Amino acid sequence: MRYDLAQMTRRAKNPRRSSIKIRDIRTPTMFAGDLYRAAYLPAINVWADAIPAIVSEYSRTIGQTTDSPADIEQKMQEAERRFNLLALTITPSIQRWALRVESWWRGKWRSAILSATNVDIGTLIGPSDVRQTLEAAINWNVALVKDVGAEAQRRMTSIIYDGLRGNKPAREVAKELRGVVDLGRARSVRIASDQLAKLTSTLADERRREAGLDAWIWLHSGKRNGRDDHIARDGKEYSDANPPADMPGQLPYCGCRSQSVLNFD
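To start, this report covers the structure provided alongside it. (Residues numbered from 1 in each chain as written. Predicted model: local features only at pLDDT ≥ 70, side-chain atom pairs only at ≥ 80, totals over all residues. Heavy atoms only, no water.)

1. Some remarks on the pairing of strand β4 (residues 257-263)
Link 1 in the chain: With six of seven residues buried, β4 lies mostly within the body of the structure.
Link 2 in the chain: Sheet analysis places strand β1 (residues 19-21) next to β4, joined by three bridges and oriented antiparallel. Among the inter-strand pairings, Lys21 is bridged to a residue of β4, identified as Val261. (Buried < 20%, exposed > 50% of the residue type's maximum accessible area, 1.4 Å probe, protein only. Helix = DSSP H or I, 4+ residues; strand = E, 2+ residues; numbered from the N terminus. Pairing = 2+ DSSP bridges.)

Following this line, the structure appears as structure tokens:
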């Protein structure tokens, strides 16, 4: 606990209730789109841009009497080098994204606290308080971007050599390669959304705890295929002393949130 919000609230408004719910904060999905466009889409586009040259070499190779995939490998290696260069420069983009999310969330948290308690915590909190959380999110997203690119490369390599062995027409191979890109983009959209949920749920927990708040309410995401146990937790109050098996937003593709509760003992 960095500051005692309950004590500060008593001084500010002399509350008559035994508890106050802090306004729920819903992070705009645009932040997920920003992450996708800044980091994941460029990684996939490296391989999308390489398809015409790869297919051209593939077409020439299967027209020869003796298979010679060396030129195809060269095109794949060129794309790999471009991807590796991109991976080296992607960290600043993810850093800027994480800082924007943190700044937006901190502003909403400050506003929600002020509305609920008449206490302005603006001078008490800053990005340095959650530095480790931001660094972890940045490093993990860099690793995920690399994995998205590596997965696309593995799939495309498999398609090319399966095509050579089966003497597949170039147009079929091109279609399959474009399918890899489409899958990569779809996967990246899901990852970006999931990473936004994970970062904001962690920020919510940290900001709540630094205010000395132990209690919170589980808010279900409303997703159509939500986990049964998460749906059952919707609206229930928990505490750090008696938490559920997992926290909101932390399991893969969980969009649930926590709503902080200020209890006066």
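2. Some details on the environment of Leu219
Link 1 in the chain: Tracing the backbone shows Leu219 in strand β2 (residues 215-219).
Link 2 in the chain: Taking relative accessible area as the criterion, Leu219 reaches 14% and is therefore assigned buried.
Link 3 in the chain: Note: C-alpha distance between Leu219 and Arg257 (38 residues apart in sequence) is 5.1 Å.
Link 4 in the chain: Apart from the residues lying within four places of it in its own chain, the contact partners of Leu219 are Asp24, Asp234, Cys256, Arg257 and Gln259. (Contact = heavy atoms within 4.5 Å.)

3. What to know about the packing of aromatic side chains
Link 1 in the chain: Going through the model one piece at a time under the given rule, you end up with five aromatic pairs.
Link 2 in the chain: Arranged with centres 5.7 Å apart and planes meeting at 25 degrees, the rings of Trp105 and Trp109 form a pair that is stacked. Of this pair, Trp105 and Trp109 both sit in helix α3 (residues 70-117), four residues apart, which is roughly one turn of that helix. Accessibility classification places Trp105 together with Trp109 in one group, the buried group.
Link 3 in the chain: Members of the aromatic cluster, joined through ring pairs, are Trp216, Trp218 and Tyr238.
Link 4 in the chain: Seen from the ring of Trp218, Arg233 lies directly overhead, with NZ or CZ sitting 4.7 Å from the centre. (Phe/Tyr/Trp six-rings, centres within 6.5 Å; stacked < 30°, edge-to-face > 60°. Lys NZ or Arg CZ within 6 Å of the ring centre and 35° of its normal.)

4. A word on the layout of surface pockets
To find leftover empty space, a probe the size of one water molecule is rolled over the atoms.
Link 1 in the chain: In this structure, the largest pocket encloses a volume near 580 Å³.
Link 2 in the chain: For the largest pocket, the lining is made up of 31 residues, of which Thr27, Ala197, Thr200, Gly255 and Arg257 are closest to its centre.
Link 3 in the chain: Take the lining of the largest pocket: its biggest share by element is nine residues, from helix α5 (residues 170-210).
Link 4 in the chain: Taken together, the residues of the lining of the largest pocket break down into 12 nonpolar, 11 polar and eight charged.
Link 5 in the chain: Within this model, the second largest pocket holds a volume of roughly 210 Å³.
Link 6 in the chain: Along the wall of the second largest pocket there are 14 residues; nearest its centre are Ala6, Gly212, Leu213, Asn263 and Asp265. (1 Å grid on protein atoms, 1.4 Å probe; cavity = no way out; pocket = protein on both sides within 12 Å on 5 of 7 lines; lining within 4 Å. Points joined across faces, edges and corners; volume = space filled by probe spheres on them. Nonpolar A, V, L, I, M, F, W, Y, C, P; charged D, E, K, R; others polar.)

5. Here we look at the sheet that holds β2
Link 1 in the chain: The strand order β1-β4-β2-β3 describes an open sheet built from four strands, whose pairing is antiparallel. This sheet does not close on itself; its edge strands, each paired only once, are β1 and β3 (237-239). In this sheet, neighbouring strand axes are inclined to one another by 35 degrees on average, regardless of whether the strands run parallel or antiparallel.
Link 2 in the chain: Pairing of β2 with β3, which is carried by three bridges, proceeds in the antiparallel orientation. (Axes fitted to C-alpha atoms, helices over the stretch in contact; angles between N-to-C directions.)

6. Some remarks on the side chain of Arg257
Link 1 in the chain: Mapped onto the elements of the fold, Arg257 is located in strand β4.
Link 2 in the chain: Overall, Arg257 belongs to the buried group, its relative accessible area being 16%.
Link 3 in the chain: Ignoring sequence-local partners within four residues, the contact set of Arg257 consists of Asp24, Ile25, Arg26, Ile217, Trp218, Leu219, His220 and Pro248.

7. Side note on the pattern of salt bridges
Link 1 in the chain: Taken as a whole and assessed by the stated rule, the structure comprises 23 salt bridges.
Link 2 in the chain: Taking the shortest distance from any N to any O, the salt bridge between Asp129 and Arg207 comes out at 3.2 Å. With Asp129 in the loop between α3 and α4 (131-166) and Arg207 in helix α5, the pair connects residues that are 78 residues apart, well separated along the chain.
Link 3 in the chain: You can call Asp129 partly exposed: its relative accessible area is 26%.
Link 4 in the chain: On the accessibility criterion, Arg207 (1% relative accessible area) is buried.
Link 5 in the chain: The residue Arg208 makes a salt bridge to Asp205 at a minimum N-O spacing of 3.6 Å. Of this pair, Arg208 and Asp205 both sit in helix α5, three residues apart, which is roughly one turn of that helix.
Link 6 in the chain: Residue class for Arg208 comes out buried when judged on its relative accessible area of 0%.
Link 7 in the chain: What emerges from the salt-bridge pattern is a single network uniting Arg2, Glu102, Arg106, Asp129, Arg207 and Glu210. (Salt bridge = Lys/Arg side-chain N within 4 Å of Asp/Glu carboxyl O.)

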